[in-house]
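Close look at the chain arrangement
Now for the letters of each chain:
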Amino acid sequence: MLLAIDCGNTNTVFTLWNGESFVSTWRMATNHTRTADEYFVWLSSLMSSQKLTASVSEVIISSTVPRVVFNLRVLSSRYFDCRPLVVGRPDCLLPVDVRVDAGTKVGPDRLVNTVGAFDLHGGDLVVVDFGTATTFDVVDMDGAYIGGVISPGVNLSLEALHQAAAALPHIDVTMPGQVIGKNTVDCMQSGVFWGYIGLVKEIIARIRAEHGRPMKVIGTGGLAPLFQQGDVLFDEFDESLTMHGLTVISNYNKEFAGQ
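Below you will find a few notes about this structure. (Residues numbered from 1 in each chain as written. Predicted model: local features only at pLDDT ≥ 70, side-chain atom pairs only at ≥ 80, totals over all residues. Heavy atoms only, no water.)

Observations regarding helix α3 (residues 108-121)
The periodicity of an α-helix, 3.6 residues per turn, causes residues three or four places apart in sequence to face the same way. Applied cut-off: A run of H or I in DSSP becomes a helix once it reaches four residues, and a run of E becomes a strand once it reaches two; helices and strands are each numbered from the N terminus. Any helix carries an expected span of 1.5 Å times its number of residues minus one. Burial classes: relative accessible area under 20% of the type maximum marks a residue as buried, over 50% as exposed, and values in between as partly exposed (1.4 Å probe, protein chains only). Any two residues having at least one pair of non-hydrogen atoms within 4.5 Å are treated as being in contact.
With 14 residues, α3 ought to run about 20 Å at 1.5 Å a step, and its terminal C-alpha atoms sit 20 Å apart, in line with that. Looking only at α3, the buried set comprises Pro108, Arg110, Leu111, Val112, Asn113, Thr114, Val115, Gly116 and Ala117. Those residues of α3 that are buried lie in contact with β4 (58-63), β6 (125-130), β7 (133-139), β8 (145-152), β9 (216-220) and α7 (241-257).

Below you can see the structure in the form of structure tokens.
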């Protein structure tokens, strides 16, 4: 059983993969002070509640929060008796090239999304991930990561608006009934919702024009389905894209080690 861990700035996702399908997925708030013992107690309780008895024999980690990795590595070695693969480390090989400016460090989440999207959909892609940041990753025809765009995430923008303007309340993102708001909350929701749809459409249009070839757009991340309601932004939506990418990378490293 493979335990795939995707650690983002806001949430950390744990998924069990049995080699053919995802068995279960759990999510917790990212906290760099959480110990390996706390992770194990939490995971054990969830597995027990679902009557999962299979043992974890492999672990792969993708993390945009470097301080979290140490305790996840300890979790792997202490409780699962294995050395985890960590995306972005020299010993974790990728099945795709990374073609960016020399010295540029690409976030592991973006590399994992590239691998997963290419495996499922082929090349010439734009992967739009609605996370803490809203990212656009460009996948070349041969699967290589060739760059992208980073913009503030939806919830991050809302929080900044609330904190910077004392009179504006904290709101949840939702599709407004109409564009013209009749009260403060409606005005904010309309601005964020339609504003981000405009942002996504414009960036995708400019990426396609610059790339010079037809491109398929893949959406992922928790808020992607919400924005798809307002307009047809994506050709495909895949909520498990990152986890699929982690399984592909894990298999690739096992195959390479066996050569």
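Re the packing of aromatic side chains
Defined as follows: The pairing test for Phe, Tyr and Trp rings, Trp by its six-membered ring, is centres within 6.5 Å, and the orientation test on the planes gives stacked under 30 degrees, edge-to-face over 60, and tilted for anything in between.
Here the structure, examined in full by the defined rule, presents ten aromatic pairs. Judged by centre distance (5.8 Å) and plane angle (50°), the ring pair of Phe14 and Tyr39 falls under tilted. One end of the pair, Phe14, is in strand β2 (residues 11-17); the other, Tyr39, is in helix α1 (residues 36-49), with 25 residues separating them in the sequence. For the pair shown, Phe14 and Tyr39 are each scored as buried.

A closer look at the pattern of salt bridges
It is possible for side chains bearing opposite charge to pair when their charged atoms get close. This is how it is decided: Here, a salt bridge means any side-chain nitrogen of Lys or Arg that lies within 4 Å of a carboxyl oxygen of Asp or Glu.
The final tally for this structure, using the stated rule, is twelve salt bridges. A salt bridge links Arg99 to Asp142, with the shortest nitrogen-to-oxygen separation between them at 3.1 Å. Residue Arg99 is found in the loop between β5 (85-86) and α3, and its partner Asp142 is found in the loop between β7 and β8; the two are separated by 43 residues along the sequence. Look at the salt bridges and you will find they share partners, linking Asp97, Arg99, Asp124, Asp140, Asp142 and Arg213 into a network.

Quick look at unusual backbone geometry
Phi is positive for Asp81, which is not a glycine, with a value near 55°. In this fold, Asp81 is placed in the loop between α2 (66-79) and β5. Located in the positive-phi region is Asp124, a residue other than glycine, with phi close to 55°. Its location among the elements puts Asp124 in the loop between α3 and β6.

What about the sheet that holds strand β10 (residues 236-237)?
Sheet strands pair via backbone hydrogen bonds, and the direction of the pair is either parallel or antiparallel. Convention followed: We treat two strands as partners when DSSP finds at least two bridges between them.
Spatial strand order, β8-β7-β6-β9-β10: five strands in an open sheet with mixed pairing. Looking at which strands have only one partner, the edges of the open sheet turn out to be β8 and β10. As defined by bridge partners, β6 adjoins β7 across six bridges and the pair is classed as antiparallel. Across the sheet, the residue bridging to Asp129 is Thr135, located in β7.

Points about the pairing of strand β1 (residues 2-7)
Counting buried positions along β1 yields six of six residues, so the element is predominantly enclosed. The side-chain alternation of β1 yields two buried faces, one formed by Leu2, Ala4 and Asp6 and the other by Leu3, Ile5 and Cys7. Where β1 and β2 come together, six bridges link them in antiparallel fashion. Bridging across to β2, Ala4 finds its partner in Thr15.

Let's talk about the packing of α1 against α2
Put simply, the rule is: Think of each axis as a best-fit line through the C-alpha atoms, taken over the contacting stretch in the case of a helix, with angles from 0 to 180 degrees between the N-to-C directions. Less than a right angle of anticlockwise turn of the near helix away from the far helix marks a crossing as left-handed, whereas a clockwise turn marks it as right-handed. When residue character is reported, Ala, Val, Leu, Ile, Met, Phe, Trp, Tyr, Cys and Pro are called nonpolar, Asp, Glu, Lys and Arg charged, and the others, Gly included, polar.
In contact at an axis separation of 8 Å, α1 and α2 are set at 65° when each is read in the N-to-C sense. As for the relative orientation of α1 and α2, their crossing is right-handed in sense. Residues Ala36, Asp37, Tyr39, Phe40 and Leu43 of α1 form the contact with α2, whose own contacting residues are Val68, Asn71, Leu72, Val74, Leu75, Arg78 and Tyr79. Tallied by class, residues from the contact of α1 with α2 come to nine nonpolar, one polar and two charged.

A look at the side chain of Thr114
On the secondary structure map, Thr114 appears in helix α3. Take Thr114: its relative accessible area is 0%, and that puts it in the buried class.

Some points on the sheet that holds β1
Strand order in the open sheet formed by five strands is β3-β2-β1-β4-β5, and the pairing between neighbours is mixed. Each of the sheet's edge strands pairs with one partner strand only, and the pair in question is β3 (22-29) and β5. Sheet analysis places β1 next to β4, joined by six bridges and oriented parallel. Counterpart to Asp6 in the pairing with β4 is Ser62. Of the strands in this sheet, β1, β2 and β3 touch α1, which is tilted by about 135° from β3. Where α2 meets the sheet, its contacts fall on β1, β2, β4 and β5, and the angle it forms with β4 comes to roughly 175°.

Geometry only, nothing functional implied.
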